[in-house]
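# What the coordinates show
What follows is each chain in one-letter form.
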Amino acid sequence: MRDDLPPIERHRLALERRLGDWARGRLPAALTEFVMFGLKQAWAALFGGLLLAAIIVTKLVWQPDWALARYDFLVILAISIQAAFVAFRLESWREVQVIALFHVTGTVMEVFKIHMGSWAYPEPGVMKLMGVPLFSGFMYASVGSYIARVIRVFDMRFAHAPPLWAFGALAGLIYLNFFTHHFGPDIRLGLFAGTVVLCWRTRIWFLTDHTPRWMPLVVAAFLTALFLFIAEVVGTLTATWVYAGAARGVPLAKFGSWYLLLYVSFFLVLTVYRDVLHRGPAPPYARA
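Residues numbered from 1 in each chain as written. Predicted model: local features only at pLDDT ≥ 70, side-chain atom pairs only at ≥ 80, totals over all residues. Heavy atoms only, no water.

## A short note on helix α4 (residues 70-87)
End to end, α4 covers 25 Å across 18 residues, agreeing with the expected 26 Å (1.5 Å per residue, within 8%). Turning to α4, its buried residues number three or more, namely Arg-70, Tyr-71, Asp-72, Leu-74, Val-75, Ala-78, Ile-81, Gln-82, Phe-85 and Val-86. Tucked inside the fold, the buried residues of α4 contact α3 (46-61), α5 (93-115), β2 (128-129), β3 (132-133) and α6 (135-153). Downstream of α4 by a residue or two, Arg-89 has a phi angle that is positive, lying close to 60°. (Helix = DSSP H or I, 4+ residues; strand = E, 2+ residues; numbered from the N terminus. Expected span 1.5 Å × (residues − 1). Buried < 20%, exposed > 50% of the residue type's maximum accessible area, 1.4 Å probe, protein only. Contact = heavy atoms within 4.5 Å.)

## Describing the pairing of strand β5 (residues 203-207)
Pairing of strand β4 (residues 157-159) with β5, which is carried by three bridges, proceeds in the antiparallel orientation. Considered in β5, the bridge of Ala-159 is made with Arg-203. Across five bridges, the pairing between β5 and strand β6 (residues 212-216) is antiparallel. Note that in β6 the partner of Arg-203 across the bridge is Pro-216. (Pairing = 2+ DSSP bridges.)

## Thoughts on the packing of helix α7 (residues 164-180) against helix α8 (residues 188-199)
Where α7 contacts α8, the axes come no closer than 11 Å and their chain directions differ by 160°. In terms of their interaxial angle, α7 and α8 are classed as roughly antiparallel. Between α7 and α8 lies a crossing of left-handed hand. On the side of α7, the interface is formed by Ala-166, Phe-167, Leu-170, Leu-173, Ile-174 and Asn-177, while α8 contributes Arg-188, Leu-191, Gly-194, Thr-195 and Leu-198. Taken together, the residues of the contact of α7 with α8 sort by class into seven nonpolar, three polar and one charged. (Axes fitted to C-alpha atoms, helices over the stretch in contact; angles between N-to-C directions. Parallel < 35°, antiparallel > 145°, perpendicular 65-115°, else oblique. Left-handed = near helix turned anticlockwise from the far one by under 90°. Nonpolar A, V, L, I, M, F, W, Y, C, P; charged D, E, K, R; others polar.)

Here it is in C-alpha cells:
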C-alpha cells in the first residue's frame, strides 16, 4: 500500500481488501465484483449522497417557525461537508479549486434559469443570490466531487480520449446552449450527436477488484445521467425546487440536460486529471 496516501484512503483500501476477501469466500465471482462496484460508487458519491439525504431529512423535520431557514441550514451543512472533505484529505486543494468552479458555473446558470422562469425555490432564506439559495451551487459541485473521486477510487484511465481542446469546445457549446436556447434555436440534438462523434472511441478503464474492466465514455455518461435524474426526482418530491408547468414531477428533458451537463463536468475535472487521458490505448495496470 502506498505510504503517501492519507490515512482515510489507506483505511478505505484496507477495508476494500477485507470486504473483497470476505465476499470471494461466500459469493460467486461476478456477484462479488458487482457488490464491490456498488460500494465504491457509493464512496465516490459521498458528497452528493450526504447532500441529498440532508434535503430529504430537513424537509421531513423542518418547521417554518424555526429561527434558521431550511435553505440557510443546507448552505451551512454543505460548506461544513466540503471543509471536512479537505480536512480529512478526501479532496485535494487542486480538486477543491475545480469544484469551486462548478459552484460558480452552476450558480450562474441557476440565477439565469430562475429569472427565465424555468424553475423556482419557493422557501425563504437569507443566504440567497438573486433568488437562488447558495446551497444549489453545491448540488453542481457534488457532481464534480463525484467525478474527481470516482476517477481516483477506480483508478480510471481514459483510452482513445479526444484532444482536450476539442472536449473543451464541446463543453463550452453545451454550457452556452443552456442560456442561448431561450432566445434562439436549441441545438441540443446536434450536441447529443457531437458527444457521440467526439467520444465514440473513448473507453474508461477501471479497477473494481483485480481485473481491469472498461466501459464506453458515452455509456458511462448515460448511466450517470440516469442516476442524477433519479436523484433530482427525489429532490423534487421534497418541493425544495419547483419546475414551471411540472408540478407533478421533473420534466423528462432534464435527463438529456444532465447527460449534456456531464460532458461539461468531465471537461472541468479532466483539466486537473490530465494524466488519466490517453490519446491511444491506456497503459496496462501494474496489477493486471
